[in-house]
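# Tertiary structure, described
Below are the chains, spelled out letter by letter.
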Amino acid sequence: FKKQRKIDRLIYILNNLNWEYNTVTNNNGGTVFYIQVPFEYPVYNTLDRWVNLQCVTSEWCSDFVSESALWDGHRVDDEDNRVTYGSVIESNTDTLQAIASLAGYRTNKKTVPDDRKETYSDYYRLHIVKINFLLT
């Protein structure tokens, strides 16, 4: 990680989980985490592999949307009512869209083609409006 907000947030999460970790600074000035993950926690690289949408609450979904803004997204306004998330992994965007919908939020997904090189991946952008439309 190079962004201090991500480093600080990961340290906060790891400390709350009581997971052991070490950090080193790599040649590019980034912070590398070595985390001792308990064996009962599988590590997956896509959201759809580790989030069971049948077992989550709307409160959990709301918290997850807020957390996603800290990692691969950002808050659009100071009131935290709008979040933009993006990924080159379409299933991650689709899963977050489902999570946001379960929280009662409105979403809009857009594919942003990347034609600069054949090896570049398209980018999937998700706009989330954090007003609970289930309660209105």
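Look above for the structure.
Quick summary incoming for the structure in this document. (Residues numbered from 1 in each chain as written. Predicted model: local features only at pLDDT ≥ 70, side-chain atom pairs only at ≥ 80, totals over all residues. Heavy atoms only, no water.)

Right, let's talk about the packing of helix 3 (residues 58-71) against helix 4 (residues 90-102) for a bit. Angle between the axes and distance between the axes: these two values describe a pair of packed helices. One way to put it is that helix 3 packs onto helix 4 with a least axis distance of 8 Å and a crossing angle of 130°. Put simply, helix 3 runs oblique to helix 4. Helix-helix and strand crossings are classified by hand; for helix 3 and helix 4 the assignment is left-handed. Where helix 3 approaches helix 4, its residues Ser 58, Trp 60, Cys 61, Phe 64, Val 65 and Ser 68 are matched on the opposing element by Leu 96, Ile 99, Ala 100 and Leu 102. Residues of the contact of helix 3 with helix 4, tallied by class, amount to eight nonpolar, two polar and no charged. (Axes fitted to C-alpha atoms, helices over the stretch in contact; angles between N-to-C directions. Helix = DSSP H or I, 4+ residues; strand = E, 2+ residues; numbered from the N terminus. Parallel < 35°, antiparallel > 145°, perpendicular 65-115°, else oblique. Left-handed = near helix turned anticlockwise from the far one by under 90°. Contact = heavy atoms within 4.5 Å. Nonpolar A, V, L, I, M, F, W, Y, C, P; charged D, E, K, R; others polar.)

With that out of the way, let us pick up the pattern of salt bridges. Counted under the stated rule, the structure contains four salt bridges. Where Lys 109 meets Asp 94, a salt bridge forms, and the shortest distance between an N and an O atom there is 2.5 Å. With a gap of 15 residues between them, Lys 109 in strand 5 (residues 106-112) and Asp 94 in helix 4 connect regions that are remote in the sequence. Classification of Asp 94 by relative accessible area gives partly exposed; the value is 35%. The partner of Asp 114 in a salt bridge is Arg 116, with the nearest N and O atoms 2.7 Å apart. Residue classification places Arg 116 among the exposed residues on the basis of a relative accessible area of 65%. Through salt bridges that share partners, Glu 90, Asp 94 and Lys 109 make up one connected network. (Salt bridge = Lys/Arg side-chain N within 4 Å of Asp/Glu carboxyl O. Buried < 20%, exposed > 50% of the residue type's maximum accessible area, 1.4 Å probe, protein only.)

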